[in-house]
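Each chain, written out:
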Amino acid sequence: MKFKHFTATRRSPHLGGFIDDIDLSQPLSQEAVSEIRSALLEFGVLFFRKQSISESDHLRFAAYFGELDEPHPVFDCKDEDPRLTVIESKGRAGDSEHQWHTDVTYQEAPSMGSILIARKIPGAGGDTLFASMYAAYDKLSKPIRNLLHELTAQHSIERGWGTALRLKPGGEQRVQKLKEAFPLMTHPVLRTHPETGRTSLYVNEYYTQRINELSELESDALLRLLFRHSQLPDFQIRHTWQTGDIAFWDNRCTQHYASHDYGAEHRLMNRVTIVGDRPFYNPPSFEKAA
Ligand code: SIN
């Protein structure tokens, strides 16, 4: 797709646009920023390859798209600016990234988007996979879609982080503090995108623990089905990183998974996230009529 300031190339049917002809170390015009926003809405995740940007360039680029999120409650962050999250793996698997998830859905207003840069990558492996939750929704059968319209689900920080944190000294106290800061959060099971108006499936295996309107047995069975469905390779793109590559994903309609297949090698990523809004669901009019 040709824009005035760059070209975005599609490599997978449902998501992923590759942009190789824009330099993010330089300030961008409003017109270029608005084209990048349009490309994000179209592709769900954008890959800007082999950029050479500083941490302050990273923050400046993210700030074009909205207010930046507060420091992440669990990941390490940079002393110089705690809005720069450090996602690092050295000698052991990371805690959360190698699970399918949408970022911070235990929050009332999860991030709108995340901008991740590869600072150090292993010799081989360490890819990140992204999945379109629009495509996941579109591929559900009509009876299942009809069932989901009225449902809401609980998202839990403990479900995501509890096990890994409890393995560390002082872990139990940390988990209790996180639960106080982030009580169980209810979101609709289907989400209307606030900019495109499209519907996406909005449950993720890492944080979603219970469908409110169903019995425990029904909820477990339906969530298992939705997790399996949302993780089908049909809806995915996989990115093999090179140092300097940047991924910018729309956290309102995607999930991602960082593969930990590189043993004890060092992988270092920095991430900045942009403040989002509270998820809502407006059934499309043709669904209402059904
Ligand atoms: C994340 O889950 O935001 C990090 C993904 C990655 O490290 O590839």
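Residues numbered from 1 in each chain as written. Predicted model: local features only at pLDDT ≥ 70, side-chain atom pairs only at ≥ 80, totals over all residues. Heavy atoms only, no water.

(A) Expanded view of the overall build of the protein. Each helix and strand counted, the protein has 8 helices and 16 strands in total. Its C-alpha atoms give the protein a radius of gyration of 19 Å, within 12% of the compact-globule value 19 Å for 290 residues. In the protein, which comprises 290 residues, the proportion classed as buried is 53%. The long-range share in the protein, meaning contacts at least 24 apart out of those at least 6 apart in sequence, stands at 83%. With an accessible surface of roughly 13,000 Å², the protein has 50% of that area assigned to carbon and sulfur atoms. Taking the average place of the 34 positive charges on the side chains of the protein and the average place of its 39 negative ones, the gap between the two points comes to 3 Å. (Helix = DSSP H or I, 4+ residues; strand = E, 2+ residues; numbered from the N terminus. Rg over C-alpha atoms; globule rule 2.2 N^0.38 Å. Buried < 20%, exposed > 50% of the residue type's maximum accessible area, 1.4 Å probe, protein only. Contact = heavy atoms within 4.5 Å. Areas by Shrake-Rupley, 256 points an atom, 1.4 Å probe, with all protein chains shown as cover. Lys, Arg positive; Asp, Glu negative; His and termini not counted. Charge placed at Lys NZ, Arg CZ, Asp CG, Glu CD.)

(B) Just the pattern of salt bridges, in detail. For the coordinates displayed, the defined rule picks out 18 salt bridges. Put simply, Asp261 and Arg238 hold a salt bridge, and the shortest N to O gap is 4.0 Å. Of this pair, Asp261 sits in the loop between β15 (254-258) and β16 (266-274) while Arg238 sits in strand β13 (residues 236-239), placing them 23 residues apart in sequence. For Asp261, a relative accessible area of 43% translates into the label partly exposed. A cluster of three or more residues bridged by salt bridges with shared partners is formed by Arg37, Glu195, Asp250 and Arg252. (Salt bridge = Lys/Arg side-chain N within 4 Å of Asp/Glu carboxyl O.)

(C) Broad picture of the site of the ligand. Around the ligand lies a shell of 12 residues, among which His101, Thr128, His256, Arg267 and Arg271 are the nearest. Contact distances for the ligand include 3.1 Å between an oxygen atom and a side-chain N or O atom of His256. Within the side chain of Arg271, a nitrogen or oxygen atom sits 2.6 Å from an oxygen atom of the ligand. Bound to the protein, the ligand loses 100% of the 260 Å² it would expose on its own. Those elements giving two or more residues to the shell around the ligand turn out to be β15 and β16. Top contributing element to the shell around the ligand by residue count: β16, with 3 residues. (Near = heavy atom within 4 Å. Polar contact = N/O pair within 3.5 Å; in protein donor to acceptor, adjacent residues only side chain to side chain.)

(D) Examining helix α2 (residues 55-63) more closely. Taken as a whole, α2 has its buried residues at Asp57, His58, Leu59, Phe61 and Ala62. Looking at the packing, one finds that the buried side of α2 touches α1 (30-43), β3 (45-48), β6 (113-120), β14 (246-250) and β16.

(E) Summary view of the sheet that holds strand β12 (residues 208-211). With antiparallel pairing, 3 strands are arranged side by side in an open sheet as β9-β8-β12. With partners counted over all chains shown, the strands left at the sheet margins are β9 (185-188) and β12, one partner each. Shown here is a sheet whose adjacent strand axes are inclined to one another by a mean of 35°, direction ignored. Here strand β8 (residues 152-155) pairs with β12 via 3 bridges, running antiparallel. Its bridge partner lying in β12, Gln154 is registered against Arg210. (Pairing = 2+ DSSP bridges. Axes fitted to C-alpha atoms, helices over the stretch in contact; angles between N-to-C directions.)

(F) Region of interest: helix α7 (residues 216-230). Over its 15 residues, α7 extends 21 Å from the first C-alpha to the last, a length consistent with the 21 Å expected when each residue adds 1.5 Å. Buried within α7 we find Ser219, Leu222, Leu223, Leu226, Phe227, His229 and Ser230. The arc that holds every buried residue of α7, seen down its axis, measures 160°, which confines them to one face. In this structure, α7 carries Leu217, Arg224 and Arg228 as exposed residues pointing more than 90 degrees from its buried face. (Expected span 1.5 Å × (residues − 1). Arc of directions from axis to C-beta.)

(G) Representation of the packing of helix α5 (residues 157-166) against helix α6 (residues 171-181) in the model. Where α5 contacts α6, the axes come no closer than 9 Å and their chain directions differ by 165°. Classed by the angle they form, the pair α5 and α6 counts as roughly antiparallel. Taken as a pair, α5 and α6 cross one another with a handedness that is right-handed. Mapping the contact onto sequence places Ile157, Glu158, Gly162, Leu165 and Arg166 in α5 and Gly171, Glu172, Arg174, Val175, Gln176, Leu178 and Lys179 in α6. (Parallel < 35°, antiparallel > 145°, perpendicular 65-115°, else oblique. Left-handed = near helix turned anticlockwise from the far one by under 90°.)

(H) Summary view of the nonpolar core. If you look at the biggest cluster of nonpolar residues, it comprises 29 residues, and the most contacted ones within it are Ile36, Leu46, Phe48, Phe61 and Phe248. Among the secondary structure elements, those contributing two or more residues to this core are α1, β3, α2, β6, β14 and β16. In terms of residue count, α1 provides more of this core than any other element does, 6 residues in total. Setting aside chain neighbours within four positions, we find Leu46 in contact with Gly17, Ile19, Ile36, Ala39, Leu40, Ile246, Ala247 and Phe248. Grouped together as the second largest cluster of nonpolar side chains are 24 residues, Val74, Leu116, Trp161 and Leu178 included. (Core = buried A, V, L, I, M, F, W, Y, C linked by side-chain atoms within 4.5 Å.)

(I) Geometry of the packing of aromatic side chains. Evaluated as defined, the whole model comprises 14 aromatic pairs. Ring centres 5.3 Å apart and planes at 80° place the aromatic pair Phe61 and Phe65 in the edge-to-face group. Under the relative-accessibility criterion, Phe65 is labelled buried at 4%. On the basis of an interplanar angle of 65° and a centroid distance of 4.9 Å, the ring pair of Phe65 and Phe248 is categorised as edge-to-face. Of this pair, Phe65 sits in the loop between α2 and β4 (76-77) while Phe248 sits in strand β14, placing them 183 residues apart in sequence. We note Arg145 situated over the ring of Tyr137; from NZ or CZ to the ring centre the distance is 4.8 Å. A cation over an aromatic ring shows up here: Arg191 above the ring of Tyr202, its NZ or CZ 5.0 Å from the ring centre. (Phe/Tyr/Trp six-rings, centres within 6.5 Å; stacked < 30°, edge-to-face > 60°. Lys NZ or Arg CZ within 6 Å of the ring centre and 35° of its normal.)

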